[in-house]
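These are the residues of each chain, in order.
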Protein chains: 2
Amino acid sequence: MQEGCDPIARMALQLSRLPGIGQKSAQRLAYHIAAMPQEQVKELAAALWQGRKALRFCALCGNYTQEEYCPICADEKRHTGQICVVRDARDVAAMERMRDFKGLYHVLGGTLSPMDHVGPEDIRIKELLTRLSTETVNEIILATNPDIEGEATAAYLARLIKPMGVKVTRIAHGVPVGSDLEYADEVTLAKAMEGRREL
Amino acid sequence: MQEGCDPIARMALQLSRLPGIGQKSAQRLAYHIAAMPQEQVKELAAALWQGRKALRFCALCGNYTQEEYCPICADEKRHTGQICVVRDARDVAAMERMRDFKGLYHVLGGTLSPMDHVGPEDIRIKELLTRLSTETVNEIILATNPDIEGEATAAYLARLIKPMGVKVTRIAHGVPVGSDLEYADEVTLAKAMEGRREL
């Protein structure tokens, strides 16, 4: 006799493959789903499978979309002169939550990481250069993560794009709003001092 | 412009309805699923929906099963004289993990809880009494949780079943194996003292 019933074990196995869901929580979730009304489970499964099937990459920025172009690239009200370069689609969502940036995005789909054998040809750098040569771009905002790979990617892109006469900026690093200086690490504090501005 | 792309928002909404998955983790999972190979998402969705559809309740014990009787009730090697009464199917799986108990189970599908308007007629007590009158049962082991509802349910069942001449036992409460006395709460310690045995 295996643990639990077969379909439940199969649910748990599949769920445990998702990030952040261990064996214990996968089993707990499986039992919860077993007890859910059939209609709700159908909706859940359909949202996952139909959703995944409907998704493709925006032909311009590489963000997820259902059409050829994502809603942001297709929006005529966005300023086409600014392109914010981010690592992945998740970061586009994070920036959009700010409701402040009106330009376009470019999703790299990763960051340079020699350790993981990710080179410039493995992320969407060529596509960015193509955009620079076909669109009228005034500013490239490098918004990769403030970690080693993100910084390396930003430095690489800056070196590549600056000679093309386009303004290249990097998002500011510093102490997060609402946080406590006491808990900020040294590197963040150093960056915050370095980036200080006159009031 | 809504946060992220529609299918991803729909995935996240559905996932956030599961227990222990907040809005943030739901969105993280949705983006992960968006990046998964289609085939794997199909497997995940199929496991959930096909699994849920295949599940029914065992006609005897109330555990989840695909057939009329669950694998445990259908197993002729199990001792039919002992019935272990548990709150839900999850508890059957926990007991089975022990690989020690060879009797049968009875899943109540809940515990008595006047606060939540759960009375004796709302859980599978009638079915348990039917089993007692049709099967030859020597012992009823009450393995509901050691919380207020579980204890109340065990007490209620004991009062109901004892007059029928069936031996009724309750699983032991005490300090969990491998734990530290220092961290055990007073009630558990009191139960451990109360249930002490001569060596």
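Remember, predicted model here, so these are calculated numbers, not experimental data.

Colleague: Tell me about the pattern of salt bridges, and name the residues and values.
Modeller: Residue and element names in this part refer to chain A. Per the stated rule, a full pass over the model turns up 10 salt bridges over all chains. A salt bridge links Arg170 to Glu151, with the nearest nitrogen and oxygen atoms 3.4 Å apart. Residue Arg170 is found in strand β6 (residues 167-170), and its partner Glu151 is found in helix α7 (residues 148-161); the two are separated by 19 residues along the sequence.

Colleague: Residue-level account of the sheet that holds β6 of chain A, with values.
Modeller: Residues and elements named next belong to chain A. One open sheet accounts for 4 strands, arranged β4-β3-β5-β6; its pairing is parallel. Looking along the sheet, the strands with just one partner apiece sit at the ends: β4 (104-107) and β6. Across the sheet, the mean angle separating the axes of adjacent strands is 25 degrees when strand polarity is ignored. The pairing of strand β5 (residues 139-142) with β6 spans 4 bridges and is classified as parallel. Each bridged residue has a counterpart across the sheet, and for Glu139 the counterpart in β6 is Lys167. Across the sheet, helix α5 (residues 89-97) touches β3 (82-86) and β4, and the angle it forms with β4 is around 155 degrees. The strands touched by α7 within the sheet are β3, β5 and β6, with β6 carrying the most contacts at an inclination of about 170 degrees.

Colleague: Any details on the relation of the copies chain B and chain A? Residues and values, ideally.
Modeller: In the superposition of chain B on chain A (RMSD 0.1 Å, axial shift 0.1 Å), the rotation amounts to 180 degrees. The superposition of one copy onto the other is thereby described by a two-fold rotation axis. Considering only C-alpha atoms, the residue of chain B closest to the rotation axis is Ala45 of chain B, which sits at 2.2 Å. Same-surface contact between copies: 100% of interface residues of chain B are shared with the interface of chain A.

Colleague: Now, about the confidence of the model for chain A: what can you tell me, with residues and values included?
Modeller: Averaged over chain A, the pLDDT score is 91; the fraction of residues at 70 or greater is 97%. Scored as a complex, the prediction yields pTM 0.80 and ipTM 0.82.

Colleague: Please set out the pairing of strand β5 (residues 139-142) of chain B residue by residue, giving values where relevant.
Modeller: Residues and elements named next belong to chain B. Alternating residues of β5 divide into Glu139 and Ile141 and Ile140 and Leu142, and every residue in both groups is buried. Alignment of strand β3 (residues 82-86) against β5, held across 4 bridges, turns out to be parallel. Note that in β5 the partner of Val85 across the bridge is Leu142. In this fold, the crossover linking β5 to strand β6 (residues 167-170) by way of helix α7 (residues 148-161) has right-handed handedness.

Colleague: Got a sec to walk through a nonpolar patch on the surface? Specific residues and values, please.
Modeller: On the surface, a nonpolar cluster with roughly 220 Å² of combined accessible area is contributed by Val175, Leu181 and Leu189 of chain A. When you line up the elements, Leu181 of chain A lands in the loop between β6 and α8 (186-194).

Colleague: Break down unusual backbone geometry for me, citing the residues and quoting the values.
Modeller: In the Ramachandran plot, His117 of chain A falls in the positive-phi region, its phi being about 60 degrees despite a non-glycine side chain. In this structure, His117 of chain A sits in the loop between β4 and α6 (125-134).

Colleague: Quick rundown of the packing of α6 of chain A against α7 of chain A? Include the residues and the values.
Modeller: All names here are of chain A. At their nearest, the axes of α6 and α7 sit 12 Å apart, and the two run at 35 degrees to each other. Crossing of α6 over α7 shows right-handed handedness. Two secondary-structure elements touch here, α6 through Ile125, Leu128, Leu129 and Leu132 and α7 through Tyr156, Leu157, Leu160 and Ile161. Of the residues in the contact of α6 with α7, the class split is 8 nonpolar, no polar and no charged.

Colleague: Can you break down the nonpolar core residue by residue, with the values?
Modeller: With 44 residues, the main nonpolar core has Ile33 and Leu48 of chain A together with Ile33 and Leu48 of chain B as its most contacted residues. The set of elements that each furnish at least two residues to this core consists of α1 (6-16), α2 (23-35), α3 (38-54) and α5 of chain A together with α1 (6-16), α2 (23-35), α3 (38-54) and α5 (89-97) of chain B.

Colleague: Outline the interface of chain B and chain A, listing residues and values.
Modeller: Listed as interface residues are 51 residues of chain B and, on the opposing side, 52 residues of chain A. Overall, the association of chain B and chain A removes approximately 4,900 Å² of surface from exposure, summing both partners, and the carbon and sulfur fraction of that is 70%. In this assembly, chain B and chain A are joined by 2 salt bridges. Salt-bridge contacts for Arg17 of chain A lead to Glu43 of chain B; the nearest nitrogen and oxygen are separated by 3.8 Å. At the boundary of chain B and chain A, one finds 10 residue pairs in polar contact (both at pLDDT 80 or more).

Colleague: So, the sheet that holds strand β4 (residues 104-107) of chain B: which residues are in play, and what are the values?
Modeller: All names here are of chain B. Strand order in the open sheet made by the 4 strands is β4-β3-β5-β6, with parallel pairing throughout. The sheet is open, and its two borders are formed by β4 and β6, each paired with just one other strand. With strand direction ignored, the average angle separating the axes of adjacent strands in the sheet is 25 degrees. In this sheet, β4 lies alongside β3 in parallel orientation, the contact comprising 4 bridges. Bridge pairing in β4 places Val85 opposite His106. Here α5 sits on the sheet and contacts β3 and β4; the angle it forms with β4, its principal contact strand, is near 155 degrees. Packing against the sheet, helix α6 (residues 125-134) makes contact with β3, β4 and β5, and its axis sits at approximately 150 degrees to β4.

Criteria and thresholds
Residues numbered from 1 in each chain as written. Chains lettered and ligands numbered in written order. Predicted model: local features only at pLDDT ≥ 70, side-chain atom pairs only at ≥ 80, totals over all residues. Heavy atoms only, no water. Salt bridge = Lys/Arg side-chain N within 4 Å of Asp/Glu carboxyl O. Helix = DSSP H or I, 4+ residues; strand = E, 2+ residues; numbered from the N terminus. Pairing = 2+ DSSP bridges. Axes fitted to C-alpha atoms, helices over the stretch in contact; angles between N-to-C directions. Contact = heavy atoms within 4.5 Å. Least-squares fit on C-alpha atoms with pLDDT ≥ 70 in both. pLDDT = per-residue confidence, 0-100. Buried < 20%, exposed > 50% of the residue type's maximum accessible area, 1.4 Å probe, protein only. Right-handed = clockwise from strand over helix to strand, strands pointing away. Patch = residues over 30% accessible without salt bridge, like charges linked within 9 Å, V, L, I, M, F, W, Y side chains within 5 Å. Areas by Shrake-Rupley, 256 points an atom, 1.4 Å probe, with all protein chains shown as cover. Left-handed = near helix turned anticlockwise from the far one by under 90°. Nonpolar A, V, L, I, M, F, W, Y, C, P; charged D, E, K, R; others polar. Core = buried A, V, L, I, M, F, W, Y, C linked by side-chain atoms within 4.5 Å. Buried area = accessible area lost by both parts, 1.4 Å probe. Polar contact = N/O pair within 3.5 Å; in protein donor to acceptor, adjacent residues only side chain to side chain.

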